[in-house]
There are 2 protein chains.
Amino acid sequence: MPFEHFQKIFCPGSVAFVGASNNLKTAGTPLFLSILAAGYKQPIYPVHPVEKEIFGIKAYSSILDIPETPDLVIFVVHHDILIKLLKECGQKGIKQAVVITAGYNETGSRGRAKEKQLLNAAGRYGIRFIGPNCIGVLNPWHHFNCTWFPYTHQPGHMGIISQSGSFVTQMLPFLAGLGVGVSKGVSVGNQSNTDTEECLEYFGCDEQTRAIALYLEGLKRPRAFFEIAGKIAQKKPVVVYYVGGTEAGARAGISHTGMLAGKDELMDGLFKHAGVLRAPDSETLFHWAGAMSLLPPMKGNRVAIIGNSGGPGAAFADCAQRSGLVIPVFSQKLQSRIKGIIANIGSAKNPIDMTMDLNIDSLMKILPKIVIESGEVDGILHYGFFGPIHHEVKLSLLDKKIRDLARFEKDPFPAYEKAAKALCALSVKHHFPIISASFHGGYDPCQSILRNNGIPVMPCPEKAAQTLGAMWRYTAIRQNTKSISL
Amino acid sequence: MPFEHFQKIFCPGSVAFVGASNNLKTAGTPLFLSILAAGYKQPIYPVHPVEKEIFGIKAYSSILDIPETPDLVIFVVHHDILIKLLKECGQKGIKQAVVITAGYNETGSRGRAKEKQLLNAAGRYGIRFIGPNCIGVLNPWHHFNCTWFPYTHQPGHMGIISQSGSFVTQMLPFLAGLGVGVSKGVSVGNQSNTDTEECLEYFGCDEQTRAIALYLEGLKRPRAFFEIAGKIAQKKPVVVYYVGGTEAGARAGISHTGMLAGKDELMDGLFKHAGVLRAPDSETLFHWAGAMSLLPPMKGNRVAIIGNSGGPGAAFADCAQRSGLVIPVFSQKLQSRIKGIIANIGSAKNPIDMTMDLNIDSLMKILPKIVIESGEVDGILHYGFFGPIHHEVKLSLLDKKIRDLARFEKDPFPAYEKAAKALCALSVKHHFPIISASFHGGYDPCQSILRNNGIPVMPCPEKAAQTLGAMWRYTAIRQNTKSISL
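Residues numbered from 1 in each chain as written. Chains lettered and ligands numbered in written order. Predicted model: local features only at pLDDT ≥ 70, side-chain atom pairs only at ≥ 80, totals over all residues. Heavy atoms only, no water.

## With respect to the sheet that holds strand E2 (residues 44–47) of chain B
All names here are of chain B. The strand order across the open sheet built from five strands is E2-E1-E5-E6-E7, with neighbouring strands paired in parallel fashion. Two strands lie at the open edges of the sheet, namely E2 and strand E7 (128–130), each paired on one side alone. Pairs of neighbouring strands in the sheet enclose a mean axial angle of 20°, with direction left out of account. The pairing of strand E1 (residues 15–18) with E2 spans four bridges and is parallel. The partner of Phe17 across the bridge, within E2, is Pro46. Together, E1, E2 and strand E5 (72–75) form the strand contacts of helix H2 (residues 28–37), whose direction differs from that of E1 by roughly 160°. (Pairing = 2+ DSSP bridges. Helix = DSSP H or I, 4+ residues; strand = E, 2+ residues; numbered from the N terminus. Axes fitted to C-alpha atoms, helices over the stretch in contact; angles between N-to-C directions. Contact = heavy atoms within 4.5 Å.)

Encoded structure:
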C-alpha cells in the first residue's frame, strides 16, 4: 500500500502525544486541546514525566508504558531529548510521527547537524515523520486536528500543503468565513523525512480532496514535483503560492524552513508546464483553491455578469477580460427576455445592470435561470445580494420618533434565505459555476447563506472575476489546449 | 470664491428634498432617511404634492412654498418632471442641485437628448448640479449623507470621487471595518454639469481630505485631468481605479454612465505622468487611499518586517520587494539587540521571526521601538497580533469537564488593548508608517484596536506590503525623483 504511513498520520487509529501538560503556557498544551476540541474519537495517550492525568485523560510517564502501539506520535518537546524519545518509539514499534519541535536546519549549521541526527535516528527505527519545525496535520473528516487553531467549519474538499504553519492554522477562521471546508491539511516544516512532493502525491489520490492549495518557499525535488503535479493537474486543480522568487523572499524562506528557493522565472515556467496555477498572494491561493473545491468546472470561457449596480458590473467586465474570459453581448432574443424583467433604464446587453432595482427574485432566480438556460455563457459573475441590514443600521441611527414611523419590512430574512438558496440550487441543478461578490463581508448575514450553500462570495468584484478566470485556465489545462497566457 | 457652489453642495446650510415620501419602497425615501440618520443639523424641506409631513418633518407641496431659499435641492424624481421642477428652482433662486434621477445619456439616443435639455434648463437658471444618474454626496464632517447607505464611522480624511454610486455607498461598511474615515464623497453620475475633474480640483483644496480615491470609467477632459491631478499629487496622494481599459470594461461603462473610455495604455501613461497611483482593483483603491489618509508618509524605501510567524514574514518580504521596497539585512548591532529579545530559534536578520513566541510586549512595543530608533528602516510591516479568541473558540468546542480544567487567561483584553495602543503610539510619536496584516478580519476584536487608532490592518500580508510600496511610490513622485516603474 503506497500511502500506508500517510494514512496513519492523517487518519490515526490512536495517538501518543509528548509535550502536553496541564499548563496552558507551554507550546504543546494548546495543540493537545485542539485534538480534544476537534472531537477525535480514537484513543489518545498523553506522555508526561510527572503529570498523572492531562485534562482528565490518563497520562503515561513514558512512551514505553502506553498499553498499545499507537499509529502516530506527536512531539512538542525540546530538540535535545528528541533522539532519546525516537529510540523509545522504535522499541515500542511506533512507525509514524509528527515533529512540531523547531531548532533545526532553519537555525544554521548547528541546527543542520541536529536535523541530520534526527533523520538518521528515525531511519534506524523505520519511523516516517512530518517536520520538524512544523505545526501539524489536520483532517476534519477524521475529527483530527493537531494544529494550534480550532477548526470550526464542516469538513470540505480543499487540501492544504504548506511550508508555513500559519497557512494551515491562522487562516482557518478566514476559510470558515469564506465557506471553504478543508479536506486535509499539512504543515510540512523542514521536510526532513516527508516532503511537499510526497504529500502532493498523497493528496492527489485522496478522494475527499477536490482542489489543492500549496504554499511554497522552495522545492526539494523540482523534477519529482513537476511530474507529480503534472499528473494530479489532469485530475484536480493544484494552486500554488510561491514566495521564494525574490531575493528577500528567498532569504526569508531560508531562516524560516531552511529551504533554498529557485529563481522566479524558472519556478514560474515549472508551474506553467506542470499545469499548476500560480496565485499572486496568500488570500488568492485560498480563494482559487477554495472556489475550485466547491464549484463545478467552467466548460468554456464565456461569462454573464448579473447585478443591480453599474460600477461593480464594469469592474467585473474589465477584470474578467483581463483574466482571459469573454463577456459576449447577449443575442437579441436573450436581451429581449431580460428587458421584460428589468427596469427600462437598466441594461440587458451583458453586463446586466438592474440599476438599483432590488427585486431579489429577479436577481437571484429569474435572471440567472434565463441566462443559464440560454446556453450563451459558461459561468456567472453575480453582484448585489445584500440583505436589508443597511436599513437596520440606519434605523438604529435615527431618532426614536422617526424610527417608529420608518419601520422597514419586519424579519425579511426568510425571503432572503429563500432567494439565496434558489441561486445555489440553480448552480447545482445545471452544474454551472456562479461566483458572487460583496463589500459587506461578515457585516451582512445574507452572504453566509450563499457561502454555506456552495456559492463563494468574494470580497470585491475583481476577486470573483479573477477566480472564474483561474477556473477557466484550469479547464484549458485539462483540455490540453495550449495554455492561455496572461 | 472659486468653489462656492461646491461648498453649498457639500456643506449646505439648508436642503430641499424632492422625491421622498412616507413610503419606504420608493427610491427617494431611504435616501432622505440617510440624511436624518446622519444627524444633519440644518433645516431640511421635503417637497411632496400630497403628504403634509414626511417622517414628522413638515413637507411643502411645491419648491416655491419653501420659506427660504435652500442652498441645495436633491431630486429623486422621474426624469419627465425634472425640467418643470428646475424652473421652480430658478424662480426660487436655488443655485445648487444633486440629481439622483437616471434615464439619460446612459440609456442611448433618446436619453442623450433628454440630458441635453436638462443641462440647458439648468444653465438657463444658473443652477450647478451633480449627476444625473448619480447617488449623491457625503460629508461626514458636516453630518451630511444623501446616499443610500448609512455612514457609521467617524469623519476621516479619505475623499472619494466615483463614477459609480456603489463605490461611494456599498463600501461604507467595508471602509468602517478598515478603520478608514471619509472626508467627503461624491458620486458624479453622468457628469452632465459637474465633472470628475472639477470635483478633483475641489477635493485637492479641501483641508479635511488627505488622500483621494477615484473610481473612473473614462475622462471627459483628459487634459484638464492631467493638469489638475498633477498639481494635487504634489500636495496629497491621488489613487485611481480605472475600469475602461478593456473592450468589455469600456462597453460596461457606456451602459452605466454613458462615458467613453480611453485605451488602457494611453490612460496608464496619463496616470503615470500626472503622478497618480493606479490601483489594480476596487478593494486596493480603498486600501491604498485609506492607508495614505491615515499614516505618515514613507520617507524612504527600507522596510522592517516584524512578526511571530515565518510564512507571513516570507510573504511580506517577497511581495514588498516586488512592490519596489527594500528589506535590508539589519546591522550586526541591531541584530544582537533583537537576539536578546526573541527566542534563539527565531530570526533577527529581517524579517524578524519570533517563531510562535506570543509575547505581545515584544511584538507590539519592544521590537518596533528598537527597529524604529535604529534608523535603519523607513516603515514596518507587522504580523501576528491576534487576541486569544482562538482559545475562546477552542474552549467553546471542548467538553464541559475539560473546559473547566482548561480555563485560559481570564479577560486578557485590557492587556491586548494596551499593547495595541503602544504600537499605535509609536507610529504617531515617531511619525513612522506601520501596517499590520491579519487573516482574522472581523473575527478578532483585537484588530479593531489597531484600526481605530490609526494602524491599518490588511486582510493578508501581501496587501500590506503592496500598500507600503504604493506609499513609497507616492513619496518618490513628490520628491520628483524619476518614477519607479513596476
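## So, the relation of the copies chain B and chain A
Each of the two copies of the chain can be brought onto the other by a rotation about an axis and a shift along it. Placing chain B over chain A gives an RMSD of 0.0 Å and needs a rotation angle of 180°, together with 0.0 Å of translation along the axis. Accordingly, the operation relating the two chain copies is best matched by a two-fold axis. Of every C-alpha in chain B, the one belonging to Gly442(B) sits nearest the axis of rotation, 3.6 Å from it. Looking at the interface residues of chain B, 100% of them are also at the interface in chain A, so both copies use one shared face. (Least-squares fit on C-alpha atoms with pLDDT ≥ 70 in both.)

## Considerations on the nonpolar core
In terms of nonpolar packing, the biggest core is built from 239 residues, with Ile74(A) and Ile74(B) touching the most fellow members. Ignoring sequence-local partners within four residues, the contact set of Ile74(A) consists of Val15(A), Ala16(A), Phe17(A), Val18(A), Ile35(A), Val98(A), Ile100(A), Phe144(A) and Cys146(A). (Core = buried A, V, L, I, M, F, W, Y, C linked by side-chain atoms within 4.5 Å. Buried < 20%, exposed > 50% of the residue type's maximum accessible area, 1.4 Å probe, protein only.)

## What about the packing of helix H12 (residues 310–322) of chain A against helix H9 (residues 247–257) of chain B?
Two elements in contact, H12(A) and H9(B), have axes separated by 7 Å at closest approach and are oriented at 165°. Put simply, H12(A) runs roughly antiparallel to H9(B). The handedness of the crossing between H12(A) and H9(B) is right-handed. In this structure, H12(A) uses Gly310(A), Gly311(A), Gly313(A), Ala314(A), Ala317(A), Asp318(A) and Gln321(A) to contact H9(B), whose residues at the interface are Glu247(B), Ala248(B), Gly249(B), Ala252(B), Gly253(B) and His256(B). (Parallel < 35°, antiparallel > 145°, perpendicular 65-115°, else oblique. Left-handed = near helix turned anticlockwise from the far one by under 90°.)

## Details of unusual backbone geometry
Following Asn350(A), the chain continues into Pro351(A) via a peptide bond in cis, with omega recorded as 0°. Note on placement: Pro351(A) falls in the loop between helix H13 (332–339) and strand E16 (352–353). Positive phi outside glycine occurs at His143(B), with the angle close to 55°. Among the secondary structure elements, His143(B) is positioned in the loop between strand E8 (136–139) and strand E9 (144–145). Despite not being glycine, Gln191(B) has its phi angle at roughly 55°, a positive value. Following the sequence through the fold, Gln191(B) ends up in the loop between strand E11 (182–187) and helix H7 (196–205). Owing to a relative accessible area of 1%, Gln191(B) belongs among the buried residues under this scheme.

## Examining empty space enclosed by the protein
All chains considered together, the criterion is met by four cavities of 30 Å³ or more. In terms of lining residues, the largest cavity is bounded by 16 residues, among which Ser309(B), Gly310(B), Gly313(B), Pro351(B) and Asp353(B) are the most central. Mapped onto the lining of the largest cavity, the elements with two or more residues apiece are helix H9 (247–257) of chain A together with strand E15 (303–307), helix H12 (310–322) and strand E16 (352–353) of chain B. Counting residues per element, the lining of the largest cavity draws most heavily on H12(B), which supplies four residues. Looking at the lining of the largest cavity residue by residue, the class counts come to eight nonpolar, seven polar and one charged. In terms of lining, the second largest cavity is formed by Ser309(A), Gly310(A), Gly313(A), Ala314(A), Ser347(A), Pro351(A), Ile352(A), Asp353(A), Ala252(B), Ser255(B) and His256(B). Looking at side-chain class alone, the lining of the second largest cavity contains four nonpolar, six polar and one charged residues. (1 Å grid on protein atoms, 1.4 Å probe; cavity = no way out; pocket = protein on both sides within 12 Å on 5 of 7 lines; lining within 4 Å. Points joined across faces, edges and corners; volume = space filled by probe spheres on them. Nonpolar A, V, L, I, M, F, W, Y, C, P; charged D, E, K, R; others polar.)

## Remarks on the environment of Leu285(A)
Mapped onto the elements, Leu285(A) comes out in helix H11 (residues 282–294). Leaving out residues up to four positions away in the same chain, Leu285(A) has contacts with Ala213(A), Leu214(A), Tyr215(A), Val239(A), Val240(A), Tyr241(A) and Ala279(A).

## Quick look at helix H2 (residues 28–37) of chain A
Residues and elements named next belong to chain A. Judged by how many residues are buried, H2 sits mostly within the fold: 10 of 10 residues are covered. Among all positions of H2, only Gly28, Thr29, Pro30, Leu31, Phe32, Leu33, Ser34, Ile35, Leu36 and Ala37 are buried. Count one or two residues on from H2 and you reach Gly39, which has phi positive near 75°.

## Observations concerning the interface of chain B and chain A
With 88 residues of chain B at the interface, the matching set in chain A holds 89 residues. When the buried surface of chain B facing chain A is broken down by residue, Gln170(B), Lys394(B) and Phe439(B) rank first, second and third, together holding 10% of it. There are two salt bridges connecting chain B and chain A. Notably, a salt bridge pairs Asp264(B) with Arg322(A), separated by 2.9 Å at the nearest N-O pair. On the surface where chain B and chain A come into contact, there are 34 residue pairs in polar contact (both at pLDDT 80 or more). The biggest single contributor to the side of chain B that touches chain A is H12(B), with 10 residues. In the side of chain B that touches chain A, the residues fall into 46 nonpolar, 26 polar and 16 charged. (Buried area = accessible area lost by both parts, 1.4 Å probe. Salt bridge = Lys/Arg side-chain N within 4 Å of Asp/Glu carboxyl O. Polar contact = N/O pair within 3.5 Å; in protein donor to acceptor, adjacent residues only side chain to side chain.)

## Quick look at the packing of helix H14 (residues 360–374) of chain B against helix H17 (residues 413–429) of chain B
All names here are of chain B. Axis separation between H14 and H17 bottoms out at 8 Å; the angle between their running directions is 15°. When the axes of H14 and H17 are compared, the pair comes out roughly parallel. Every pair of crossing elements has a handedness; the one defined by H14 and H17 is left-handed. Taking contact as the criterion, the partners of Ile360, Met364, Lys365, Pro368, Lys369 and Ile372 in H14 are, on H17, Ala415, Tyr416, Ala419, Ala420, Ala422, Leu423 and Leu426. Of the residues in the contact of H14 with H17, the class split is 11 nonpolar, no polar and two charged.

Honestly, it's all geometry; don't read function into it.
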